[in-house]
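Here's the letter readout for the chains.
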Amino acid sequence: MSAPEAGERQARAEWQVDGGDAVLQLAGDWRGMPAELPTPPGDARRLRVQAQDIAWDARLASALWQLLQPLAAESRELKLDGLPPGLARILTLALPAPRAAAAPPPAPRSRRPHWVTELGHQSHDAWERALASLRFVGELVLAFGRLLRGRSDMRGADFAWQLDQCGPRSVPIVSLVCALVGLIVAYMGAVQLARFGAQVFIADLVTIGVVREIAPLITAVILSGRVGAAFAAQIGSMVAAEEVDALRTLGIAPVDHLALPRVLALAVVTPLLAAYGAIVAMLMGGLVAVAIFGVEPLAYLNNSERALAVEHVAIGLVKAACYGVLVGIAGCRQGLAAGRSAQAVGAATTKSVVQSIVWIVIAASGLTVLFQRLGW
């Protein structure tokens, strides 16, 4: 190699300042590291390395890493795009990654909306839920109309299955609760009647109160917790597992197939359970009157028979049927509106119980006032 060519291939390294950047210029043959790398300027925050037709090996890569590693640790900005691709890739992998920028200061907390605004949002949400419930009731009425015309997707086997689940399996808990309620009503009423020596009228109090109001109400509340919650959980699980979407894909209306048999089953079973619960409560009330307050058994039976008018029985059965339909609507509506997660299914189950109980109390108040105004 001639002397000029050897000078041109001699390894050279020089730092140059370009505005706010410090640029390391490399040139020549760096195989075997014949030269040392100069120290970079201490005040430059952005460093760039450029090479012009250099020959290099692993020693140059090691020397550049030793030079640039402390600078990268100080979060200085390094640009290696001027190096040969292989050398730039090695240094990029070896040097520490740049630190993430400091997180911006937290945004100031927004002021709490005015109570009028919150009330407006809550009223809007309540209105939307009410409209959704009305739409579901409308769909259920249309499904019942299709059933009467013989065009429904409801199966008789599903209706029979729901009758078994809602009716016979609820008898033990209805028996227990109605018996205790009959005991409470008889005892509390007898304490007051005993002041006037009118213990014989315990039968009238227990019979009319239980048959018209208490037995239908207690039975519906029991079914809301036992059956309505089960409806919401079952249908909500089907929604989460996309089984309801599969029914729609097959052309089967979910309201016809899932909601209608459940609501009809409760409409049939609830009056029967309420009548049974009323009998249990009357028997327990008679036990209290005879055993504690000395009422003659025959007198209790005669007074119960005289007080048990047809209109009282009819009103009690109508109320029970109405409550049963409300429980079924609440359970099925919340189940079909549930989200696609286990938490959403649990929330739908809770909402169904709360909603059905609120509806039952509202219906009981309205029907009681209505029948009293009508003189029934």
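Residues numbered from 1 in each chain as written. Predicted model: local features only at pLDDT ≥ 70, side-chain atom pairs only at ≥ 80, totals over all residues. Heavy atoms only, no water.

Colleague: Quick question: what am I supposed to make of the side chain of Thr219 here?
Modeller: If you trace the backbone, Thr219 turns up in helix 7 (residues 202–240). Discounting chain neighbours no more than four positions away, the residues touching Thr219 are Val174, Cys178, Thr270, Leu273 and Ala274. (Helix = DSSP H or I, 4+ residues; strand = E, 2+ residues; numbered from the N terminus. Contact = heavy atoms within 4.5 Å.)

Colleague: What am I meant to see in the confidence of the model for the protein here?
Modeller: Low-pLDDT stretches of the model should not have their predicted coordinates read in fine detail. Within the protein, residue pLDDT values average 84, and 88% of them lie at 70 or more. Taken as a whole, residues 1–7 scores under 50 in pLDDT and shows two contacts with residues more than four places along the chain or in a different chain. (pLDDT = per-residue confidence, 0-100.)

Colleague: Is there a simple way to think about the packing of aromatic side chains in this case?
Modeller: Two measures describe an aromatic ring pair: the distance that separates the ring centres and the angle between the ring planes. Under the definition given, this model contains two aromatic pairs. Both rings, one in Phe371 and one in Trp376, keep their centres 5.7 Å apart while their planes meet at 25 degrees; by these two values the pair is stacked. Overall, Phe371 belongs to the buried group, its relative accessible area being 8%. When the ring centre of Phe231 is taken as origin, the NZ or CZ atom of Arg262, which lies over that ring, is 5.4 Å away. (Phe/Tyr/Trp six-rings, centres within 6.5 Å; stacked < 30°, edge-to-face > 60°. Buried < 20%, exposed > 50% of the residue type's maximum accessible area, 1.4 Å probe, protein only. Lys NZ or Arg CZ within 6 Å of the ring centre and 35° of its normal.)

Colleague: So what exactly am I meant to see when it comes to the pattern of salt bridges here?
Modeller: It is possible for side chains of opposite charge to pair when their charged atoms get near one another. Inspection of every chain in the model, using the stated rule, returns seven salt bridges. In this structure, Asp245 engages Arg248 in a salt bridge whose closest nitrogen and oxygen atoms are separated by 3.4 Å. Of this pair, Asp245 and Arg248 are both found in helix 8 (residues 243–249), three residues apart, which corresponds to roughly one turn of the helix. Here Asp245 falls in the partly exposed class, since its relative accessible area comes to 28%. The closest approach of N and O atoms between Asp245 and Arg340, which form a salt bridge, is 2.6 Å. With Asp245 in helix 8 and Arg340 in the loop between helix 11 (310–336) and helix 12 (342–374), this pair connects stretches of sequence that are 95 residues apart. The network of salt bridges with common partners includes Asp245, Arg248 and Arg340. (Salt bridge = Lys/Arg side-chain N within 4 Å of Asp/Glu carboxyl O.)

Colleague: Explanation requested: the side chain of Ser224 in the structure shown.
Modeller: When you line up the elements, Ser224 lands in helix 7. Among the residues examined, Ser224 registers a relative accessible area of 1% and is labelled buried. Setting aside residues no more than four positions away along its own chain, Ser224 makes contact with Ala229, Val327, Val353, Ser356, Ile357 and Ile360.

Colleague: Sorry if this is basic, but what is going on with the nonpolar core here?
Modeller: Taken as a class, soluble globular proteins show a tendency for nonpolar side chains to be buried jointly. Residues Leu140, Cys166, Leu266, Tyr323 and Cys332 are the most contacted members of the largest nonpolar core, which totals 35 residues. Mapped by element, the contributors of at least two residues to this core are helix 4 (115–148), helix 7, helix 8, helix 9 (254–291), helix 11 and helix 12. With ten residues, the top contributor of residues to this core is helix 9. With sequence-adjacent residues up to four places away left out, Cys166 is seen in contact with Leu223, Val227, Phe231, Ala265, Leu266, Val269 and Leu273. The next biggest cluster of nonpolar side chains, apart from the first, holds 24 residues, and it includes Leu24, Val49, Ala63 and Leu83. (Core = buried A, V, L, I, M, F, W, Y, C linked by side-chain atoms within 4.5 Å.)

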